[in-house]
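Fold and contact review
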Amino acid sequence: MQALDNTDLRLLSALVRDSRHTVVALAQKLGLSRNTVQARMASLERKHAFLPFGRRINPSTLGYPLTTFISVHVQQQKLQQLAGSLAEIPEILEAHGLTGEADLLVRVVSKDAEDLFRINSLILACEGVERTDTSLAMNEFVPFRIEPLLEQAAETIRSGSTPE
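Residues numbered from 1 in each chain as written. Predicted model: local features only at pLDDT ≥ 70, side-chain atom pairs only at ≥ 80, totals over all residues. Heavy atoms only, no water.

**Quick notes on the pairing of strand 2 (residues 92-97)**
Short version of the rule: At least two bridges found by DSSP between two strands is the condition for calling them paired. Secondary structure elements follow DSSP: runs of H or I of four or more residues count as helices, runs of E of two or more count as strands, with numbering from the N terminus.
As judged from the 5 bridges shared by strand 2 and strand 3 (residues 104-110), these two strands associate in the antiparallel manner. Bridging from a neighbouring strand, G97 pairs with L104 of strand 3. The hairpin formed by strand 2 and strand 3 contains 6 residues between the paired strands, and G100 there has a positive phi angle of roughly 105°.

Right, dumping it as structure tokens:
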């Protein structure tokens, strides 16, 4: 990804604080022209700076209050096929390949413990899965955030140093 400049970072920070700003409101807030904001937003979109809107919807509002992280141990030669099978399970929000003991870390939401058991059974039934280890998320101590990284990047630009 291409490096962002201070104007990009200011624009992203304003969007983090209130993503519902219009282009005109962002331009006024940041002291930029509407055309500059529109061009920067288009450029940021081409750089894949924005995640899909769906990541902002709370699964609890859809009836899935439990979040679970499932470590999946797999047969390596079946990993690509397994990724497709996992993507067919709607309650799987994301899956990441790992180094270490487990091969995948899968974030799952469920309605209750019985539903979690059903979902885990679906994962275990996928070809290539050897076993799973399930950890129920009890509390979210640091929710997803990006603003500290934006602030750090802006400070790096101001100081002229390279990030560590």
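**Remarks on helix 1 (residues 6-17)**
Since the α-helix packs 3.6 residues into each turn, any two residues three or four apart lie on the same face. The line we're drawing: What a helix should span is 1.5 Å times the count of its residues minus one. When accessible area is computed with a 1.4 Å probe and restricted to protein chains, residues below 20% of their type maximum are described as buried, those above 50% as exposed, and intermediate ones as partly exposed. Here a residue-residue contact requires only that any non-hydrogen atoms of the pair lie within 4.5 Å. Side-chain atoms alone can form a polar contact between residues adjacent in sequence; in general such a contact is a pair of N or O atoms within 3.5 Å, and within protein one must be able to donate a hydrogen while the other accepts it.
In this model helix 1 runs 17 Å from its N-terminal to its C-terminal C-alpha over 12 residues, within 8% of the 16 Å that 1.5 Å per residue would give. Buried residues of helix 1: T7, D8, L9, L11, L12, S13, A14 and L15, and no others. If you follow the buried residues of helix 1, they end up packed against helix 2 (23-30), helix 3 (34-46) and helix 6 (147-159). N-capping of helix 1 is provided by D5, with a side-chain oxygen placed 3.1 Å from the backbone N of T7.

**Thoughts on the sheet that holds strand 2**
To keep things clear, this is the line we draw: What counts as an axis is a line fitted to C-alpha atoms, over the stretch in contact for a helix, and the angles between N-to-C directions run from 0 to 180 degrees.
Across the sheet, which stays open at both edges, the 4 strands sit in the order 2-3-1-4 with antiparallel pairing between neighbours. At either margin of the open sheet sits one strand with a lone partner, and together these are strand 2 and strand 4 (129-136). Each strand of the sheet is rotated relative to its neighbour by a mean of 25°, with strand direction disregarded. Here helix 4 (residues 79-87) sits on the sheet in contact with strand 1 (66-74), strand 2, strand 3 and strand 4, set at roughly 10° to strand 3. Those strands touched by helix 5 (residues 113-124) are strand 1, strand 2, strand 3 and strand 4, and its axis lies near 155° from that of strand 4.

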